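Chain residues, written in single-letter form:
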Amino acid sequence: MGRPDSLSGEDTPGSLSAGDAARYDGRAITVDTIFLSYMREDEALVERLAAELAKRGATVWRDRNDIEPGVPWRAAIAHAIRDGTYFLACFSHRYENRSETYMNEELCAACAVASQRSGAWMIPVILDGCTVPVFTDERRLVNDVQHVFMHPNWEDGLARLVE
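Residues numbered from 1 in each chain as written. Predicted model: local features only at pLDDT ≥ 70, side-chain atom pairs only at ≥ 80, totals over all residues. Heavy atoms only, no water.

Caption draft 1: Molecular detail of the pairing of strand S3 (residues 86-91). Among the 6 residues that make up S3, 5 are buried, leaving the element largely enclosed by the rest of the structure. Sheet topology note: the strand S1 (residues 33-37)/S3 ladder contains 4 bridges and is parallel. Bridging from a neighbouring strand, Ser 37 pairs with Ala 89 of S3. (Buried < 20%, exposed > 50% of the residue type's maximum accessible area, 1.4 Å probe, protein only. Helix = DSSP H or I, 4+ residues; strand = E, 2+ residues; numbered from the N terminus. Pairing = 2+ DSSP bridges.)

Caption draft 2: Region of interest: the environment of Asp 128. For Asp 128, the location among the structural elements is in the loop between strand S4 (122-126) and helix H7 (141-144). On the accessibility criterion, Asp 128 (18% relative accessible area) is buried. Between the alpha carbons of Asp 128 and Leu 45 there is a distance of 9.2 Å; along the sequence they are 83 residues apart. Beyond its immediate sequence surroundings of up to four residues, Asp 128 is in contact with Phe 91, Ser 92, His 93, Arg 94 and His 151. Here Cys 130 takes part through its backbone nitrogen, which lies 3.3 Å from a polar atom of the side chain of Asp 128. (Contact = heavy atoms within 4.5 Å. Polar contact = N/O pair within 3.5 Å; in protein donor to acceptor, adjacent residues only side chain to side chain.)

Caption draft 3: The arrangement of helix H2 (residues 43-55) in detail. The terminal C-alpha atoms of H2, which comprises 13 residues, lie 18 Å apart, in line with the 18 Å expected from a rise of 1.5 Å per residue. For H2, the set of buried residues is Val 46, Leu 49, Ala 50, Glu 52 and Leu 53. The buried residues of H2 occupy one face: seen down the axis, they fall within an arc of 165°. Along H2, exposed side chains directed more than 90 degrees from the buried face belong to Ala 44 and Lys 55. On its buried side, H2 packs onto S1, strand S2 (59-61), S3, S4 and helix H8 (154-162). Looking one or two places after H2, you find Gly 57, whose phi comes out positive at around 100°. (Expected span 1.5 Å × (residues − 1). Arc of directions from axis to C-beta.)

Caption draft 4: Quick look at the nonpolar core. Of all hydrophobic cores here, the largest spans 29 residues; its most connected members are Ile 81, Phe 87, Phe 91, Leu 107, Trp 121, Met 122 and Val 142. Of all the secondary-structure elements, those providing two or more residues to this core are helix H4 (73-83), S3, helix H6 (102-114) and S4. No other element matches the 8 residues that H6 contributes to this core. In this structure Leu 107 touches Phe 87, Ala 89, Phe 91, Tyr 95, Phe 135, Arg 139 and Val 142, once residues within four positions along its chain are discounted. Ranked by size, the runner-up nonpolar core spans 19 residues in total, among them Leu 49, Ile 123, Val 148 and Met 150. (Core = buried A, V, L, I, M, F, W, Y, C linked by side-chain atoms within 4.5 Å.)

Caption draft 5: Broad picture of unusual backbone geometry. Cis geometry marks the peptide bond from His 151 to Pro 152; its omega dihedral reads 15°. Take Pro 152: it is sitting in the loop between strand S5 (148-149) and H8.

This is how it looks when you write it as structure tokens:
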């Protein structure tokens with residue numbers, strides 16, 4: 001089930017908090033878990049990325065697959081972001097064309113976590129040749145870390161992610 005689809009207009013993004021993560025009592029995050037943050041409209045590309053990473057031994061966490069029924073989804077997402085080994089933010093032209101999305105919530109939460117970690121943890125992934133916006137709010141950390149480009153050569157981008 002996962003988070004509501006923000007395209008439906010039924011719900012709007014709020015904010016993920018440490019309190020949300022503390023209330024989570026669902027699936028444990030395993031060692032080397034990769035959290036994928038993405039737009040629902042990019043499901044096909046993200047599914048391909050998740051399958052490729054899993055084929056190479058990674059445990060990939062996605063809300064639609066890894067939140068148990070009845071578990072508060074905001075808490076599950078906050079927990080997975082906080083406890084994941086890596087956070088991959090998947091950007092596309094679809095992201096560029098939307099002002100409100102749950103992905104923004106995840107980015108804010110991830111930037112708060114990243115500021116307390118050392119080393120590579122947050123990795124922006126460019127799915128289709130888009131331009132990542134210049135963030136001036138708490139998401140500005142996204143602009144300060146090296147991106148991985150899956151376009152125009154998917155295999156080269158994948159190789160960069162798994163090196």
